[in-house]
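Summary of the model geometry
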Amino acid sequence: MVRRTSDINKTWKKKVHWETTVGQREVVVQRFIHDQKLVVPFNQFAEVNCREYSILLERAIVDFGADTSFGQAAEKFKEHYGISVSEKAVQVITKKHAKACYAMQEKDSNLSGKKTTHCLIGEMDGAMIPIVIFEDNGNLDKRKWRKVGWKEARLSVVRGHKSLTKIFLATLGSTERAGDLLGRCAKRMGWREETKMHCLGDGAFWIQEQVERVFGAKGSYLVDFFHLSEYLSGAAEKCCTDQARKWLQNRQEEMKEGQIEKVIDMLKTCEEKADTKDENGPVRKCLRYMENRPGQFKYKEALAAELPIGSGEIESANRSVVQKRLKIAGAWWKPETAEYMLALRCMRINGDWERYWRFISPSFVRAA
C-alpha cells in the first residue's frame with residue numbers, strides 16, 4: 001500500500017470497472033501521483049485494471065476457446081454465463097494463456113516422476129495442420145504478404161505398462177524437438193536409465209531415429225501391426241486372388257509368431273516386375289516396406305511380454321488433441337500460435353489445468 005507522504009503531489013478518485021463471471025463490477029478508487037508516477041493501490045491489490053477481465057472469467061473464456069473456434073466460444077459463453085464477450089476478446093485471452101502454457105511447459109522440461117517405472121510405452125505420430133506465414137515482399141498490399149500451406153504437428157504420448165495414466169506433448173518443430181518431447185513425457189512418467197522403453201509408430205523413419213537417439217539401447221521400436229497389415233492386404237489380392245482373406249490371416253499369424261523371413265520369401269515369389277508402378281505393384285510395395293525396416297517387426301517378443309503391437313492410441317489422440325481444434329474448417333494458424341495452442345491442449349489433457357492457473361496467478365487461489 002502507498003502511504004501519504006510529502007512527496008505525494010496529487011490525489012483524486014475515479015471509477016474503475018471490469019468484467020467478472022457474474023457481470024460487470026464497478027468501484028470508485030483513489031489514485032495517486034507518487035514520484036511523478038500514477039499509483040492505484042486498489043488495482044495493485046486486486047490485480048485488476050479498468051476494462052479488463054477477472055482471472056476467473058479469463059479461465060472460463062479459455063476453457064471454451066481451447067476446444068472450439070473463437071466465434072463459437074463467444075456464443076457458448078453467452079449461453080452459459082449470460083455475458084457478452086466479443087470474439088476478438090476470446091481470441092486475445094485464449095492466445096495469451098496458450099503462450100503462458102507453453103512457457104510453463106518449457107519450465108517443466110526437467111520435471112520427473114517420483115516413482116521409477118520398470119517399463120514404459122511410447123508412441124509418436126504426425127498430423128498436418130493449416131499454417132499461414134506473413135512475409136514482407138515489399139508490396140504495399142499486406143494481403144499479398146500471406147502464404148498458406150500445411151505443416152506437420154508431431155504428437156508424443158507415454159504411459160506406464162498396464163497403466164491408463166498418460167502424458168502428451170506436441171510440437172510443430174523439428175523431429176529432434178519431437179524426440180525431446182517424447183523423452184520429457186517418459187521422464188514425467190518415471191523413466192530412468194534402467195527403464196525399458198517400448199515404442200510404436202506407423203513406420204515413419206523419423207520416429208525410429210528419435211527413439212534410438214533419445215533412449216539408445218534401452219528403447220525398442222515396433223512398426224504398428226495394423227499398418228503392416230494394410231500392406232499385406234494389398235499384396236494378398238495379387239498373391240492369392242481366390243482366397244485373399246485367408247492368405248492375409250495366415251501371413252498375420254506368421255508375423256506374430258516371428259516367421260518374418262518366411263513371409264518375405266513368400267512375397268518374393270509373387271513380386272511384380274521392376275518396371276511396374278507402385279499403384280500396380282502392391283506385392284513389391286509391401287516387400288520394400290518390410291525390407292527397409294529390419295528389426296522393427298518383433299511382434300512375438302512384444303506379445304510374450306504383454307506389450308501392445310498397435311499404435312491406435314496415438315492415432316486417436318491425434319484426432320482428439322491436435323485435429324479437433326487446430327484443423328477445424330476455416331482455421332489458419334501462425335506457426336508460433338499453433339505451437340502455443342498445442343501446449344494449451346496438452347496441458348489440459350495431462351491434468352495440469354488447475355496447476356497452471358495457480359502457477360500463472362497467485363490471486364487465483366484467493367479468488368477460487
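Procedures and definitions
- Residues numbered from 1 in each chain as written.
- Predicted model: local features only at pLDDT ≥ 70, side-chain atom pairs only at ≥ 80, totals over all residues.
- Heavy atoms only, no water.
- Helix = DSSP H or I, 4+ residues; strand = E, 2+ residues; numbered from the N terminus.
- Buried < 20%, exposed > 50% of the residue type's maximum accessible area, 1.4 Å probe, protein only.
- Core = buried A, V, L, I, M, F, W, Y, C linked by side-chain atoms within 4.5 Å.
- Contact = heavy atoms within 4.5 Å.
- Expected span 1.5 Å × (residues − 1).
- Patch = residues over 30% accessible without salt bridge, like charges linked within 9 Å, V, L, I, M, F, W, Y side chains within 5 Å.
- Areas by Shrake-Rupley, 256 points an atom, 1.4 Å probe, with all protein chains shown as cover.
- Salt bridge = Lys/Arg side-chain N within 4 Å of Asp/Glu carboxyl O.
- Pairing = 2+ DSSP bridges.
- Axes fitted to C-alpha atoms, helices over the stretch in contact; angles between N-to-C directions.
- Phe/Tyr/Trp six-rings, centres within 6.5 Å; stacked < 30°, edge-to-face > 60°.

Here we come to the environment of Gly-312. Relative to the helices and strands, Gly-312 resides in helix H12 (residues 312-326). In this structure Gly-312 comes out as partly exposed when scored by relative accessible area, which is 43%. For the pair Gly-312 and Phe-225, spaced 87 residues apart in sequence, the C-alpha separation works out to 9.8 Å.

One finds Met-255, Leu-267, Met-290 and Tyr-299 to be the most contacted residues of the largest nonpolar core, which totals 47 residues. For this core, the element with the most residues is helix H7 (residues 225-239), which contributes 6 residues. Leu-267 has contacts with Leu-232, Ala-235, Cys-239, Trp-247, Val-283, Cys-286, Leu-287 and Met-290, leaving out every residue within four places of it along the chain.

A word on helix H5 (residues 175-188). The end-to-end C-alpha separation of H5 is 20 Å, in line with the 20 Å expected for 14 residues at 1.5 Å each. In terms of burial, H5 is largely enclosed, as 10 of its 14 residues are buried. Along H5, the positions that sit buried rather than exposed are Thr-175, Arg-177, Ala-178, Gly-179, Leu-181, Leu-182, Gly-183, Arg-184, Cys-185 and Ala-186. Gly-190, located one to two residues past H5, shows a positive phi value of around 100 degrees.

On the surface, Met-128, Val-148, Trp-150 and Trp-332 cluster together into a nonpolar patch covering about 440 Å² of accessible area. Turning to its location among the elements, Trp-150 is positioned in strand E5 (residues 146-160).

With 15 bridges connecting them, strand E4 (residues 119-134) and E5 associate as antiparallel partners. Residue Phe-134 lies in a different strand from E5, and its bridge partner there is Arg-146. Across 6 bridges, E5 lies against strand E6 (residues 166-171) in antiparallel orientation. In the strand pairing of E6, Val-157 is matched with Phe-168. The hairpin turn running from E5 into E6, its antiparallel successor, is 5 residues long, and Lys-162 in that turn takes a positive phi close to 60 degrees.

Let us look at the sheet that holds strand E7 (residues 196-201). Read across the open sheet, the 5 strands follow the order E6-E5-E4-E7-E8; overall the sheet is mixed. Only two strands of the sheet have a single partner each, and these edge strands are E6 and strand E8 (219-223). The sheet shows a mean angle of 25 degrees between the axes of neighbouring strands, direction not considered. Across the face of the sheet, H12 comes into contact with E4, E5 and E6 while running at roughly 30 degrees to E4. Its contacts with the sheet place helix H13 (residues 335-349) against E4, E5 and E6, and it is angled at close to 175 degrees to E6.

Among the 16 residues that make up E4, 12 are buried, leaving the element largely enclosed by the rest of the structure. Relative to E7, E4 is paired through 5 bridges, and the arrangement is parallel. The residue bridging Ile-121 from the neighbouring strand is His-198, located in E7.

Moving on to the pattern of salt bridges. Overall, the coordinates contain 21 salt bridges when judged by the stated rule. Across the pair Arg-184 and Glu-106 runs a salt bridge whose closest N-O atoms are separated by 3.2 Å. With Arg-184 in helix H5 and Glu-106 in helix H4 (residues 87-107), this pair connects stretches of sequence that are 78 residues apart. Looking at Glu-106, the relative accessible area reads 25%, which means it is partly exposed. The partner of Arg-154 in a salt bridge is Glu-152, and the shortest N-O contact between them spans 3.2 Å. On the accessibility criterion, Arg-154 (14% relative accessible area) is buried. Connected through salt bridges with shared partners, the residues Asp-63, Asp-67, Arg-345 and Arg-348 form a single ionic network.

Two descriptors summarise a pair of aromatic rings, namely the distance from one centre to the other and the angle between the planes of the rings. In the structure shown here, the tally under the stated rule is 13 aromatic pairs. Measuring from centroid to centroid gives 6.2 Å for Phe-64 and Phe-77, while their planes differ by 90 degrees, and the two rings are edge-to-face. Residue Phe-64 is found in helix H2 (residues 55-65), and its partner Phe-77 is found in helix H3 (residues 70-81); the two are separated by 13 residues along the sequence. Take Phe-64 and Phe-77: they sit in the same class, and that class is buried.

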